[in-house]
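Each chain, letter by letter, is given below.
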Amino acid sequence: MKKRRPQDSFVSSTEFVLPNDTNTLNNLMGGRMMHLMDIVAAISAQRHSGRIVVTASVDNLNFSKAIPLGSIVTISAKVTRAFNSSMEIHVVADIEDNIRGVHARSNDAFFTFVAVDQNGRPIDVPEIEPETEEEWKLYNGAIRRRQVRLILGGRMKPEDAEDLKALFIPNTQG
Ligand SMILES: CC(C)(COP(=O)(O)OP(=O)(O)OC[C@H]1O[C@@H](n2cnc3c(N)ncnc32)[C@H](O)[C@@H]1OP(=O)(O)O)[C@@H](O)C(=O)NCCC(=O)NCCS
């Protein structure tokens, strides 16, 4: 399978925060943001793989800033690394409030999607070939993030996580 660039999976979607999307403090509801991020990440994973994709896990979803009613929110996503059937997607949300003059990063998260066939069975996806310094940084870190999430999800034994043993097994040398 031909390798693909992170840029090939880039997705950006801009939303206007309306009253139906807000909580009693007139800020965007967290669940609504999670929904928007999941959709953008899914499109990115599907763009990379050309397959049906399902959400396998979400980690490090941060809500750093409240997003007031009337804000403009742009959610962007790119695949950082592909493994066999799974892909890690980095999703960020930026707010733009032209009236109050606020431009800031409000959220970021790593989503894992798995490409599946028509019967829901995992299927291999193309590898990623990073180009920029930031893409290489995310690509190199993805292996450790994968090990953490698989250990926490009960799908990998800490002793099999070469890069992380020391974090989970205190007596491990080197
Ligand atoms: C995700 C899913 C397809 C994995 O299927 P599975 O039979 O457990 O498959 P495997 O154990 O062979 O794992 C397949 C891949 O998923 C990855 N994976 C499985 N569970 C994971 C988790 N919790 N977090 C991250 N990756 C996970 C594995 O690491 C593996 O990756 P690789 O192929 O790149 O090495 C399956 O658990 C599923 O369908 N879950 C429900 C998905 C869903 O409904 N999402 C919400 C709606 S879109």
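Keep in mind it's a predicted model, so treat the numbers as computed, not measured.

S.K.: So what exactly am I meant to see when it comes to the site of the ligand here?
M.R.: Near the ligand, the surroundings consist of 15 residues, among which T55, N84, S85, S86 and R155 are the closest. Separating an oxygen atom of the ligand from a side-chain N or O atom of R146 is a distance of 3.2 Å. Considered on its own, the ligand offers 930 Å² of accessible surface; in the complex 58% of this is hidden by protein. Elements with a contribution of two residues or more to the shell around the ligand: β2 (52–63), β5 (102–116) and α2 (133–152). Top element by residues in the shell around the ligand is β2. It accounts for 4 residues.

S.K.: Where do I start with the side chain of S86 in this structure?
M.R.: Positionally, S86 belongs in strand β4 (residues 86–97). Within polar-contact distance, the side chain of S86 engages the side chain of R146 at 3.3 Å.

S.K.: What is the right way to read the sheet that holds strand β1 (residues 11–16) from this model?
M.R.: Pairing between the strands of a sheet is mediated by backbone hydrogen bonds and can be parallel or antiparallel. Read across the open sheet, the 5 strands follow the order β1-β3-β4-β5-β2; overall the sheet is antiparallel. The sheet is open, and its two borders are formed by β1 and β2, each paired with just one other strand. With strand direction ignored, the average angle separating the axes of adjacent strands in the sheet is 25°. By the bridge criterion, 10 bridges tie strand β3 (residues 72–82) to β4 in an arrangement that is antiparallel. In the strand pairing of β4, I72 is matched with E96. Where helix α1 (residues 30–49) meets the sheet, its contacts fall on β1, β2, β3, β4 and β5, and the angle it forms with β3 comes to roughly 45°.

S.K.: Would you take a moment to explain the environment of R100 for this structure?
M.R.: Relative to the helices and strands, R100 is located in the loop between β4 and β5. Counting along the chain gives 29 residues from R100 to S71, while the straight-line C-alpha distance between them is 9.5 Å. Only 2.3 Å separates the side chain of R100 from the side chain of D97, close enough to count as a polar contact.

S.K.: What is the right way to read unusual backbone geometry from this model?
M.R.: Working note: non-glycine residues mostly have negative phi, and peptide bonds are mostly trans. Backbone geometry at N26 places phi at a positive 65°, although glycine is not the residue there. Mapped onto the elements of the fold, N26 is located in the loop between β1 and α1. Unusually for a residue other than glycine, N60 sits at a positive phi of about 55°. Inspection of the secondary structure assignment puts N60 in strand β2.

S.K.: Teacher, can you tell me more about α1 here?
M.R.: The terminal C-alpha atoms of α1 lie 28 Å apart, and with 20 residues this matches the ideal 28 Å at 1.5 Å per residue to within 8%. Summarising the contacts, the buried residues of α1 are in contact with β1, β2, β3, β4 and β5. One or two steps after α1, the chain reaches G50, where phi turns positive at roughly 65°.

S.K.: Explain the packing of aromatic side chains to me, please; I cannot follow it from the model alone.
M.R.: Each aromatic ring pair is specified by the distance between its two centres and by the angle formed by the two planes. Under the counting rule described, the total for this entry stands at 2 aromatic pairs. A centroid spacing of 6.3 Å and a plane angle of 20° characterise the contact between F111 and F113, whose relative ring orientation is stacked. Taking the relative accessible area as the measure of exposure, F111 reaches 2% and is therefore buried. Of the residues examined, F113 reaches a relative accessible area of 1% and is grouped as buried.

Cut-offs and rules
- Residues numbered from 1 in each chain as written.
- Predicted model: local features only at pLDDT ≥ 70, side-chain atom pairs only at ≥ 80, totals over all residues.
- Heavy atoms only, no water.
- Near = heavy atom within 4 Å.
- Polar contact = N/O pair within 3.5 Å; in protein donor to acceptor, adjacent residues only side chain to side chain.
- Areas by Shrake-Rupley, 256 points an atom, 1.4 Å probe, with all protein chains shown as cover.
- Helix = DSSP H or I, 4+ residues; strand = E, 2+ residues; numbered from the N terminus.
- Pairing = 2+ DSSP bridges.
- Axes fitted to C-alpha atoms, helices over the stretch in contact; angles between N-to-C directions.
- Contact = heavy atoms within 4.5 Å.
- Expected span 1.5 Å × (residues − 1).
- Phe/Tyr/Trp six-rings, centres within 6.5 Å; stacked < 30°, edge-to-face > 60°.
- Buried < 20%, exposed > 50% of the residue type's maximum accessible area, 1.4 Å probe, protein only.

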